[in-house]
Structure formats: C-alpha cells, structure tokens
Amino acid sequence: MKLNKIIVSDNAYNSNDPYDIIRSNISVVNLLAEEGVETENQHEDAVTSYYVDYYLWQYKNGNFSQFVWNSQWSPVVNGMIIKGLTKIGASKHLELFFEQSSKVESLQEGVLQKFLESDYFGSNVTRDQLNNDSFYNLEEDLIVLHSYWLKNHSDVQVLAVDDMFSALEKVVGRTIAR
C-alpha cells in the first residue's frame, strides 16, 4: 500500500518551533523504513523533506564534504535534495548546492572515489577542497522555509499520535510496537 499523505502529529503542526513539524515527518519516514516500507511506497514529498533535512544537518555538522562523504555522492539523494530545495523555495541554498555539485563533478577522475573510500578525518585535501563556509552566512532560513512548505502542503495530514499509529499500521498491514 502506498501512503498518499504526509502524516505529522498535531502537536508538531501546532508548535511554535518550526523544526517540530520537520522532526515529526522524519519520525514517520524513519518508522516506516524500520517497518520495511520502501521509500517508493511513502509519500514522495515526505521523503523529499527527509533528505532536505539530512542535507541541512550534514552541512551544519561538517560542511559540504561531510554530506558528500556520508551520502556517498548518491545521484538519488542529490536529486531529492534538488527537488526539495526547489519545492520549498530555497533558491540561495539551491544555488549553493549546484555550485558545490560542480566542484564535485569537476574533480579529476578517481579523486571522488578515493575520497569516498578514505578516512574522513585527519589530513584530507579533497575534503578541504569541497568545503564552503558560505552556507553558514546564507540569508535564507532553510528550517523556516521547509516548515512553511510542510505546514501548507496539500497532502499534509495532521493527526494525534495514536491516530498516526493507526494510519501507519494500515500502511504496514500490522500492529506497530509503540
């Protein structure tokens, strides 16, 4: 069964903290994955939201190189991030993502693969080359844009936690341990 809604908790939806709705969506995506539901059977924008958040925290915690290294420069993940940044209207972040992507794509043959197979920490010329601190100075709040997009999404379904589990159990076809 394919989930055709982005399910979030009513507490998260009504929270004054814009990150709460994002966190609620991430929890649902993670729970469904733990229950064996493939991303193809989840709402596409719920998964897109998940990857935009993944990108944000990878960059915040270790710069662009950490995102590249931890994601293994996955074309699927990159596509989801491009789609997500576009949908939420994060034009400055999208521009930086394309700029950084071109750095990765312009690496000499074999350099990216060597980087992905190397130790991330310690001396690492490629890691340092891929970093770009301008991310931290962008005058565009990715969390606020992301939250606004989720709250106003036509497929968002706001439920109490018990009702969330009931809806998700219909998707997985069994009771989920709470």
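Coordinates for the structure precede this section.
Cut-offs applied
Residues numbered from 1 in each chain as written. Predicted model: local features only at pLDDT ≥ 70, side-chain atom pairs only at ≥ 80, totals over all residues. Heavy atoms only, no water. Core = buried A, V, L, I, M, F, W, Y, C linked by side-chain atoms within 4.5 Å. Buried < 20%, exposed > 50% of the residue type's maximum accessible area, 1.4 Å probe, protein only. Helix = DSSP H or I, 4+ residues; strand = E, 2+ residues; numbered from the N terminus. Contact = heavy atoms within 4.5 Å. Pairing = 2+ DSSP bridges. Salt bridge = Lys/Arg side-chain N within 4 Å of Asp/Glu carboxyl O. Polar contact = N/O pair within 3.5 Å; in protein donor to acceptor, adjacent residues only side chain to side chain. Axes fitted to C-alpha atoms, helices over the stretch in contact; angles between N-to-C directions. Parallel < 35°, antiparallel > 145°, perpendicular 65-115°, else oblique. Left-handed = near helix turned anticlockwise from the far one by under 90°. Nonpolar A, V, L, I, M, F, W, Y, C, P; charged D, E, K, R; others polar.

Asks: Can you help me understand the nonpolar core in this one?
Replies: Proteins that are soluble and globular tend to have nonpolar side chains buried together. Tyr55, Phe64, Phe67, Val68, Leu85 and Leu112 are the most contacted members of the largest nonpolar core, which has 37 residues in total. Of all the secondary-structure elements, those providing two or more residues to this core are strand 1 (6–9), helix 2 (19–34), helix 3 (44–71), helix 4 (75–87), helix 5 (91–105), helix 6 (111–117) and helix 8 (142–151). It is helix 3 that provides the largest number of residues to this core, a total of 8 residues. If we skip the residues at most four places from it in the chain, leucine 85 touches Val52, Tyr55, Ala90, His93, Leu94, Phe97 and Leu142. Among the nonpolar cores identified, the runner-up in size contains 14 residues, and Leu3, Ile7, Leu31 and Leu32 belong to it.

Asks: Would you mind going over the pairing of strand 1 with me for this structure?
Replies: Sheet faces and side chains relate simply in a regular strand, where the side chains alternate between the two faces. With burial as the criterion, each face of strand 1 is covered, one bearing Ile6 and Val8 and the other bearing Ile7 and Ser9. Two elements, strand 1 and strand 2 (residues 156–159), share 4 bridges in a ladder whose sense is parallel. Opposite valine 8, over in strand 2, you have valine 158 as the bridge partner.

Asks: Can you walk me through the pattern of salt bridges in this structure?
Replies: Pairing is possible between side chains of opposite charge, provided their charged atoms come close. This model, assessed by the stated rule, comprises 7 salt bridges. With its nearest N and O atoms 3.0 Å apart, the salt bridge here joins glutamate 35 to arginine 174. One end of the pair, glutamate 35, is in the loop between helix 2 and helix 3; the other, arginine 174, is in the segment after helix 9 (161–172), and 139 residues separate them in sequence. The salt bridge involving aspartate 45 is made with lysine 87; its shortest N-O contact spans 2.6 Å. Separated by 42 residues along the polypeptide, aspartate 45 in helix 3 and lysine 87 in helix 4 bring together distant segments of the chain. The class of aspartate 45 is buried, set by a relative accessible area of 8%. Overall, the relative accessible area of 37% leaves lysine 87 in the partly exposed class. Each of Asp162, Glu169 and Arg178 takes part in one network of salt bridges that share partners.

Asks: Looking at this structure, how should I read the environment of isoleucine 176?
Replies: Its location among the elements puts isoleucine 176 in the segment after helix 9. Spatially, the C-alpha atom of isoleucine 176 lies 28 Å from that of histidine 146, the residues being 30 residues apart in sequence.

Asks: What is the right way to look at the side chain of serine 74 in this model?
Replies: Its place among the elements puts serine 74 in the loop between helix 3 and helix 4. In this structure the side chain of serine 74 is engaged in a polar contact, spanning 3.2 Å, whose partner is the backbone nitrogen of valine 77.

Asks: What is the right way to read unusual backbone geometry from this model?
Replies: The phi torsion of most residues other than glycine is negative, and most of the peptide bonds are trans. Positive phi values are uncommon outside glycine, yet asparagine 63 reaches one of about 75 degrees. Of the residues examined, asparagine 63 reaches a relative accessible area of 5% and is grouped as buried. Unlike most non-glycine residues, tryptophan 73 shows phi in positive territory, near 50 degrees. Note on placement: tryptophan 73 falls in the loop between helix 3 and helix 4.

Asks: Can you walk me through the packing of helix 3 against helix 5 in this structure?
Replies: Pairs of packed helices are described in terms of their axes, by the angle between the two and the distance that separates them. Relative to each other, helix 3 and helix 5 sit at 25 degrees, their axes nearing to 11 Å. Compared by their axis directions, helix 3 and helix 5 come out roughly parallel. With respect to the hand of their crossing, helix 3 and helix 5 are arranged in left-handed fashion. When helix 3 is examined against helix 5, the residues Tyr55, Tyr59, Phe64, Phe67 and Val68 are found in contact with a partner set consisting of Leu96, Phe97, Gln100, Ser101 and Val104. Across the contact of helix 3 with helix 5, the residue classes break down as 8 nonpolar, 2 polar and no charged.

Shape descriptors only; they carry no functional weight alone.
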